[in-house]
Amino acid sequence: MTVTNPTPLPSATILGYPRIGPDRELKRALEAYWAEPARHPAQTVLDTLGDLRERTTLRLRELGLTQDTAVPSEGFAVDHVLDTALALGAVPARFRAEGLLPAAPDTERGIELITALSRGTDDLEPLELTKWFDTNYHYYVPELDPGTALRAHPESLVSRYRDTLRRTGVRTRPVLVGPVTFLLLSRPETPAAHGARVDPLAGLDDVLAQYVSILSSLHAAGVPWVQLDEPALAADGWGASRERILSAVTTAYTRLTALSDHPSVLVTVGYGDAGQDAHLALARTGVDALAVDLDRGAVPTRAALEAWGERPVVGGVVGGRTVWRTNLAGATDTLDRLRAGARGPVAVGTATPLLHVPHDITRETGLDPDVRSWVAFADQKVSEVVELARGVEHGWKEISEALETDTRIREARATHPATRRPEIRERTAAVSPEDRRRPSAAERRAAQQERLRLPLLPTTTIGSFPQTAEIRAARAAHRAGRLDGAAYWEAIRSEIARAVRAQEELGLDVLVHGEAERNDMVQYFAESLEGFATTRHGWVQSYGSRCTRPSILFGDVSRRVPITVDWTRYAASLTDRPVKGMLTGPVTILAWSFVRDDVPAAEVADQVALALRDEITDLEAAGTAVVQVDEPALRELLPLRETDRPAYLEWSVGAFRLATGAAAADTQIHTHLCYSEFETVLDAIEGLDADVTTLEASRSGSGIVDGLAAADFPRDVGPGVWDIHSPRVPSFEEVARRVRHAARAIGAERVWVNPDCGLKTRGWPETEAALDRLVAAAVSVRTELEREDDDAARAGARPVLSSSGVA
């Protein structure tokens, strides 16, 4: 199909840009509003969003994106999926019942609504939070039933476009999650529907009606192009057949492009290879341009490109999820193959939005110059797109200097002594299957019960406690040299003592030291391991206003000295209760770092695992009886295509087992996973062979509890009963209900009681209030079950509790 575009698609573009601000301006505006709305009203958030859109647009023009609509118009306050939901009017009934009615995002009422949906209120739980495909970005899950009342709110999309045009003179490109992906990402609104099998695409007609209204409004505002993102086409496992999904794609884009008054439509299919079937389905519609991921995906087949006709294709050869420089020679080859099959114009772009990388590597003046030369942050990736587009337009000789420079940098990186250390390679190569094996689960369970003697439904937390202003000030002073090592040690010891004392007073059974010394659960280890570099300004949005600074894993990994032992030993000296040693697992260290791309991930994971194995051995020697090795990213890295999953699960599970394989039978190994659909990897979770697995469960409706029960999961589990990503303190009744459900569904002798995640982001008052209710709920349900057990024994009936020796 041939489509004539009134405004040509630009020859160089990106699919999105970091939106939190180079200095986290949006984070600060949001958190100021949430903390003191009287002093920092919602309008301050809107002003910050407008200023950031202006700065971003001008910066991207400066970097070379000078053509009309080359710059995406984003500016989402919290999350692009939530923003799309509000544009469609998709607000759950429980919020509407409290007077929180649909509103356009870029209004004061819209900011109030976004706050309630993402953080909850005193009486309402927030939307579920889960991972965006196989990344560490979290999106807010829309709640949508087939009968949910929808009404389009295109005002913010229009106002962003007009405001940016007024401020900069630049015509930008509004961005929405596409209708099919939006529906597949959503969950049912009503509890009854949530527990049943539901067609995720049942609401397509109603949703399309809102997209029609939005596109008409954008056209009336003079918008030349709109971007609709359909990354779900690159993934499996949506609860609908592939045929059903592709039929919905055809229906959706035939209807949207049949309008006489719509902007030109660019459909993107990033985060992997959408496949020939998806390309052909889109080709049968009137979509005006297609952007494909050529970083992780393949060049579309000749049949797909033939069907696409003379319409433009954006070749996403610049990766949006890694900080390594683009292999320019490889990119030119890929673009040549795309051009050979394409009948229409070929533009150059990013494979995904750049929200997964920091802003600008030139700000990292403290980074080793060699490492810095290997790295490209968002601004550098934009420059790569522009340079490659210049080569497409004028021939590769036009960019020969850039190609030669890139080749020299790659050669220098390959021969750098830190990237290949023979002693580390030899140790990794010598790992045997026996190194990944512990004594049997039954033997371990008996030994640990004898050593720990914990009550039924033992209580614990996930690791971190609030990072107070005093902790942050002490850390900053120590880094700046204003606080010497001895004074810093005393400041951290004081915070550890406070955390231990609070846990004892609250009545928790297994304690943690609180991690006062840690800035981030991955960066802390990266700073103590060879082969890593850390940044000062490399912030990346994780969810809402929360940001992380992923470390750069550039070389072979080893441990210099023990990392956590002294802090754990000190905490243990303050109490008679068990104190967990707290480690971040090898898969999560990889997932939440920018991992080298010149060595197989399995080998890198084993290098990290061996360093952690040494740390566990030292913790045991210091008397630590419980060690937690967190793997919240296990599900996150699961490949989007089912055929790619077995190989990943083999090496990821193997790395965890290598890290923990030397632990004694009476050392209890815990792990923690959060904010993902765990039901798809239950076999892998069991394969980790941890003694206790704690999981996020409260925000996702405790569905994981039923999944664990149905699978007859054989290990101890702690389904989280308090959603720590919201500032609300759950009621005693909420927590007790969740504890009771888990105990009865799974078996009380296998259930732990804990929050969903670490408490770093919470304040002390809400932490103590929520933990007090958590402990009280565990004690209450424990008493209920023991009373029922006694009643059953007196009646000669089967006991409620199994004879595990813990009741």
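Predicted model, so just to flag it, every value in this text is computed and none were measured. (Residues numbered from 1 in each chain as written. Predicted model: local features only at pLDDT ≥ 70, side-chain atom pairs only at ≥ 80, totals over all residues. Heavy atoms only, no water.)

Attention shifts here to the overall build of the chain. Helix and strand counts for the chain stand at 29 helices and 19 strands. The C-alpha radius of gyration computed for the chain amounts to 27 Å, which stays within 12% of the reference 28 Å derived for 807 residues, consistent with globular compactness. Counting only C-alpha atoms, the chain reaches 80 × 60 × 55 Å along its principal axes. With 807 residues in all, the chain has 62% of them scored as buried. Nonlocal contacts in the chain, meaning residues at least 24 apart in sequence, comprise 79% of its contacts between residues at least 6 apart. Counting every atom, the chain has about 29200 Å² of accessible surface; 49% of that belongs to carbon and sulfur. In the chain, the 91 positive side-chain charges and the 116 negative ones have mean positions that sit 2 Å from each other. (Helix = DSSP H or I, 4+ residues; strand = E, 2+ residues; numbered from the N terminus. Rg over C-alpha atoms; globule rule 2.2 N^0.38 Å. Buried < 20%, exposed > 50% of the residue type's maximum accessible area, 1.4 Å probe, protein only. Contact = heavy atoms within 4.5 Å. Areas by Shrake-Rupley, 256 points an atom, 1.4 Å probe, with all protein chains shown as cover. Lys, Arg positive; Asp, Glu negative; His and termini not counted. Charge placed at Lys NZ, Arg CZ, Asp CG, Glu CD.)

The tally for this structure, following the rule as stated, stands at 9 cavities of 30 Å³ or more. What the largest cavity holds in volume is close to 180 Å³. Lining of the largest cavity is provided by 18 residues; of these, Leu52, Arg53, Thr56, Glu74 and Gly75 occupy positions nearest its centre. Of all elements in the fold, only α2 (42-62) and β1 (72-73) reach the threshold of two or more residues within the lining of the largest cavity. Counting residues per element, the lining of the largest cavity draws most heavily on α2, at 6 residues. Among the residues making up the lining of the largest cavity, the classes are represented as 8 nonpolar, 7 polar and 3 charged. (1 Å grid on protein atoms, 1.4 Å probe; cavity = no way out; pocket = protein on both sides within 12 Å on 5 of 7 lines; lining within 4 Å. Points joined across faces, edges and corners; volume = space filled by probe spheres on them. Nonpolar A, V, L, I, M, F, W, Y, C, P; charged D, E, K, R; others polar.)

Quick look at the UniProt feature "active site" (unreviewed entry) in the chain now. As recorded in UniProt, the feature "active site" (unreviewed entry) lies at His725. Structurally, histidine 725 is set in the loop between β19 (716-719) and α28 (732-747). (UniProt positions renumbered as here; feature names shortened; annotations may be inferred.)

This brings us to the environment of cysteine 757. Along the polypeptide, cysteine 757 turns up in the loop between α28 and α29 (764-794). Note: C-alpha distance between cysteine 757 and threonine 461 (296 residues apart in sequence) is 7.7 Å. Once residues lying within four places of it in the same chain are set aside, the contact partners of cysteine 757 are Ile462, His672, Cys674, Ile724 and His725.

Turning our eyes to something else, we now look at the UniProt feature "binding site: L-methionine" (unreviewed entry) in the chain. Residues annotated by UniProt as "binding site: L-methionine" (unreviewed entry) correspond here to Ile462, Gly463, Ser464, Glu515 and Asp630. Maximum C-alpha separation among the annotated residues is 13.5 Å over a sequence range of 169 residues, consistent with a single clustered spot. Residue placement: glycine 463 occurs in the loop between α18 (441-452) and α19 (469-480). The class of glycine 463 is buried, set by a relative accessible area of 1%. If sequence neighbours within four positions are ignored, glycine 463 has contacts with Val512, Gly514, Glu515 and Met582. With respect to the secondary-structure elements, glutamate 515 resides in the loop between α20 (485-506) and α21 (523-526). Judged by relative accessible area, glutamate 515 falls into the buried class, the value being 9%. Once you skip the residues sitting within four places of it in the chain, glutamate 515 turns out to touch Gly463, Ser464, Gln467 and Met582.

As a further point, take the state of the cysteines. Applying the stated rule across the entire model yields 0 disulfides. Free cysteine cysteine 547: the closest other cysteine sulfur is in cysteine 757, separated by 16 Å. By relative accessible area, which is 12% here, cysteine 547 ends up buried. For cysteine 757, a relative accessible area of 16% gives the class buried. (Disulfide = S-S within 2.5 Å.)

The subject of this paragraph is the sheet that holds strand β15 (residues 593-595). Spatial strand order, β10-β13-β15: 3 strands in an open sheet with mixed pairing. Two strands close off the open sheet at either side, each with one partner strand: β10 (529-533) and β15. The mean angle between the axes of side-by-side strands here comes to 45°, regardless of whether they run parallel or antiparallel. As judged from the 3 bridges shared by strand β13 (residues 551-559) and β15, these two strands associate in the parallel manner. Paired with serine 551 across the strands is serine 593, a residue of β15. The strands touched by helix α24 (residues 601-621) are β10, β13 and β15; relative to β13, the strand with the most contacts, the crossing angle is about 55°. (Pairing = 2+ DSSP bridges. Axes fitted to C-alpha atoms, helices over the stretch in contact; angles between N-to-C directions.)

A separate point is the packing of aromatic side chains. Going through the model one piece at a time under the given rule, you end up with 10 aromatic pairs. Judged by centre distance (4.7 Å) and plane angle (90°), the ring pair of tryptophan 132 and phenylalanine 133 falls under edge-to-face. As far as burial versus exposure is concerned, tryptophan 132 and phenylalanine 133 are alike and both buried. Their ring planes at 90° and their centres at 5.2 Å tell us that tyrosine 648 and tryptophan 651 sit as a pair that is edge-to-face. (Phe/Tyr/Trp six-rings, centres within 6.5 Å; stacked < 30°, edge-to-face > 60°.)

So, about the nonpolar core. Formed by 110 residues in total, the largest nonpolar core has its most connected members in Leu233, Tyr253, Leu282, Leu388 and Ile552. The leading source of residues in this core is helix α9 (residues 204-220), at 8 residues. If we skip the residues at most four places from it in the chain, isoleucine 552 touches Val323, Trp324, Leu367, Val371, Val375, Gly531, Phe532, Ala533, Thr535 and Phe594. Judged by nonpolar contacts, the second largest core, of 101 residues, contains Leu457, Phe525, Ala605 and Val653. (Core = buried A, V, L, I, M, F, W, Y, C linked by side-chain atoms within 4.5 Å.)

Now for unusual backbone geometry. The backbone phi angle of threonine 69 is positive, close to 65°, even though this residue is not glycine. With respect to the helices and strands, the residue threonine 69 is situated in the loop between α2 and β1. Here threonine 69 falls in the buried class, since its relative accessible area comes to 0%. Even without being a glycine, tyrosine 271 presents a positive backbone phi close to 75°. Owing to a relative accessible area of 5%, tyrosine 271 belongs among the buried residues under this scheme.

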